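Reading the structure
Here's the letter readout for the chains.
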Amino acid sequence: MFDERLEEFCRERLGGRPVPEDLRLLATAQWEGSGHPFEQFGITVLDPGAQHPLTDTSYLNEKERANPDVMANCAASRQMAKWLAAVAQEEDGSFYGYWLHPQQRRDRQVPPVIKVDTELTYWDLGECTLSEACLYDIAFDDDQLFERVAAELAQLHISVPVRSHVDLDVLSAVPDPGDMHQQLYYAERKRLGMPDRLDP
């Protein structure tokens with residue numbers, strides 16, 4: 001049952017790319033009901049059939065849907081969804097995903113992990129595993145919390161080889177996701193016949 005669900009997850013969320021081992025362990029623990037450490041912080045693995053957060057416009061009201069600037073931003077988000085494989089989400093709607101842009105270097109074991117908040121700000125959490133990225137995000141400069149959650153991850157056989165967020169391997173995503181979204185947004189505004197830039 002869970003093998004089939006992982007296959008579906010691999011196909012729908014990752015475009016057929018292999019599911020990284022730590023993500024596989026997190027997803028399996030969540031779907032089996034035993035749970036994983038990140039759930040206490042409101043972070044859950046997205047189900048295979050869940051809509052990509054960047055393509056979800058259900059929150060827009062009628063006035064917003066009639067606003068070409070808002071819709072230009074939504075169009076940019078839909079294009080960004082092609083390169084950002086959303087795999088986990090927070091309760092407030094922020095989500096984590098792998099940056100799979102074709103310009104991104106492929107000689108690393110895993111692609112960079114990006115967090116996108118509800119204001120469409122893209123946070124580069126580095127070229128590390130999803131577990132390390134989430135741990136970095138929730139613990140940041142709290143070394144005691146970092147070590148506690150790392151120990152809980154170890155019980156799921158997810159190894160975090162460092163003892164503090166400052167030791168994590170952090171390399172930048174290429175191209176920068178925030179810059180890419182902005183380029184797509186202005187390109188869509190231009191396509192709609194709107195000014196190239198917003199008025200100051």
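Here we summarise the structure given alongside this text.

Analysis parameters
- Residue positions are given per chain, counting from 1 as you read along its sequence in written order.
- The predicted nature of this model means local features are confined to residues of pLDDT at least 70 and side-chain atom pairs, given and counted, to a pLDDT of 80 or more, with totals for whole chains, interfaces and linings taken over all residues.
- As a convention, hydrogens and water are excluded, and side-chain values are obtained from all of the structure's heavy atoms.
- The salt bridge definition used is simple: a Lys or Arg side-chain nitrogen within 4 Å of an Asp or Glu carboxyl oxygen.
- Going along the chain from the N terminus, every DSSP run of H or I of four or more residues is numbered as a helix, and every run of E of two or more is numbered as a strand.
- Take the buried Ala, Val, Leu, Ile, Met, Phe, Trp, Tyr and Cys residues and link them wherever side-chain atoms come within 4.5 Å; each set so joined is a nonpolar core.
- Exposure categories follow from relative accessible area, calculated using a 1.4 Å probe and restricted to protein chains: below 20% of the type maximum is buried, above 50% is exposed, and the middle band is partly exposed.
- The contact definition used throughout considers only heavy atoms, calling two residues in contact when any of these lie within 4.5 Å.
- Pairing between strands is defined by DSSP: at least two bridges between the two strands are required.
- Charged-residue counts in this description rest on Lys and Arg as positive and Asp and Glu as negative, His and the chain ends being excluded.
- Polar contacts, as counted here, are pairs of nitrogen or oxygen atoms within 3.5 Å of one another; within protein the pair requires one atom able to donate a hydrogen and one able to accept it, and residues that are adjacent in sequence qualify only if both atoms are side-chain atoms.
- Each axis is a line fitted through C-alpha atoms, taken for helices only over the stretch in contact, and angles between the N-to-C directions span 0 to 180 degrees.
- Both site types are read off a 1 Å grid over the protein atoms alone. A 1.4 Å probe that fits but cannot get out defines a cavity, while an open set with protein on both sides within 12 Å along at least five of seven lines defines a pocket; lining residues have an atom within 4 Å of a point.
- Grid points are joined across faces, edges and corners, and a volume is the space filled by probe spheres set on the points.
- All residues other than Ala, Val, Leu, Ile, Met, Phe, Trp, Tyr, Cys, Pro, Asp, Glu, Lys and Arg, Gly among them, are scored as polar; the first ten of these are nonpolar and the last four charged.

Attention now moves to the pattern of salt bridges. Per the counting criterion, the structure on display carries seven salt bridges. Arginine 24 is the salt-bridge partner of glutamate 21, the closest N and O atoms lying 2.6 Å from each other. Linking glutamate 21 with arginine 24, this pair stays in helix H2 (residues 21–32), spanning three residues, or about one helical turn. For arginine 189, the salt bridge identified is with aspartate 69, shortest N-O distance 2.5 Å. Here arginine 189, found in helix H7 (residues 177–191), pairs with aspartate 69, found in helix H4 (residues 68–80); they are 120 residues apart in sequence, far enough to count as distant. One continuous salt-bridge network, built from bridges that share partners, spans Glu90, Lys115 and Asp137.

Of all hydrophobic cores here, the largest spans 33 residues; its most connected members are Phe38, Tyr98, Leu130, Leu135 and Leu153. Counting residues per element, the ones that place at least two in this core are helix H1 (2–14), H2, strand S2 (84–89), strand S3 (95–99), helix H5 (130–139) and helix H6 (143–154). The element best represented in this core is H5, accounting for six residues. Apart from the residues lying within four places of it in its own chain, the contact partners of leucine 135 are Phe38, Phe140, Phe146, Val149, Ala150, Leu153 and Val160. The next biggest cluster of nonpolar side chains, apart from the first, holds 19 residues, and it includes Leu54, Ala86, Trp99 and Tyr185.

We now examine the pairing of S3. Burial analysis of S3 places five of its five residues in the buried class, which makes it a mostly covered element. As defined by bridge partners, S2 adjoins S3 across five bridges and the pair is classed as antiparallel. Bridge pairing links leucine 84 to tryptophan 99 in S3. The loop that links S2 with its antiparallel partner S3 comprises five residues; one of these, glycine 93, has a positive phi angle of about 105°. Across four bridges, the pairing between S3 and strand S4 (residues 113–116) is antiparallel. Bridge assignment links phenylalanine 95 to a residue of S4, and that residue is valine 116.

A word on the side chain of aspartate 22. Mapped onto the secondary structure, aspartate 22 falls in helix H2. One buried charged residue, aspartate 22, forms no salt bridge at all, with the nearest opposite charge on arginine 24 at 9.1 Å. Within the structure, the side chain of aspartate 22 is placed 2.8 Å from the side chain of serine 131, a separation counted as a polar contact. In this structure aspartate 22 touches Tyr98, Thr129, Leu130, Ser131 and Ile158, once residues within four positions along its chain are discounted.

Our next topic: the sheet that holds strand S5 (residues 122–124). Where strands meet in a sheet, backbone hydrogen bonds hold them as pairs that are either parallel or antiparallel. If you walk across this open sheet you meet the five strands as S1-S2-S3-S4-S5, and the pairing is antiparallel. Edge positions in the open sheet fall to strand S1 (44–45) and S5, since each of these has one partner strand only. Along the sheet face, H7 touches S3, S4 and S5 and points at about 150° away from the line of S5.

In this structure, the largest pocket occupies an estimated 450 Å³ of space. As for the largest pocket, its lining consists of 21 residues, of which Pro53, Asp56, Tyr59, Thr118 and Leu120 are closest to the centre. In terms of residue count, H4 provides more of the lining of the largest pocket than any other element does, four residues in total. When the residues that make up the lining of the largest pocket are grouped by side-chain class, the tally is nine nonpolar, eight polar and four charged.

What follows is about the environment of threonine 129. Here threonine 129 lies in the loop between S5 and H5. In this structure, the C-alpha to C-alpha distance between threonine 129 and proline 112, residues 17 residues apart in sequence, is 8.1 Å. Ignoring anything within four residues of it in the chain, the contact list for threonine 129 reads Asp22, Val110 and Val113.

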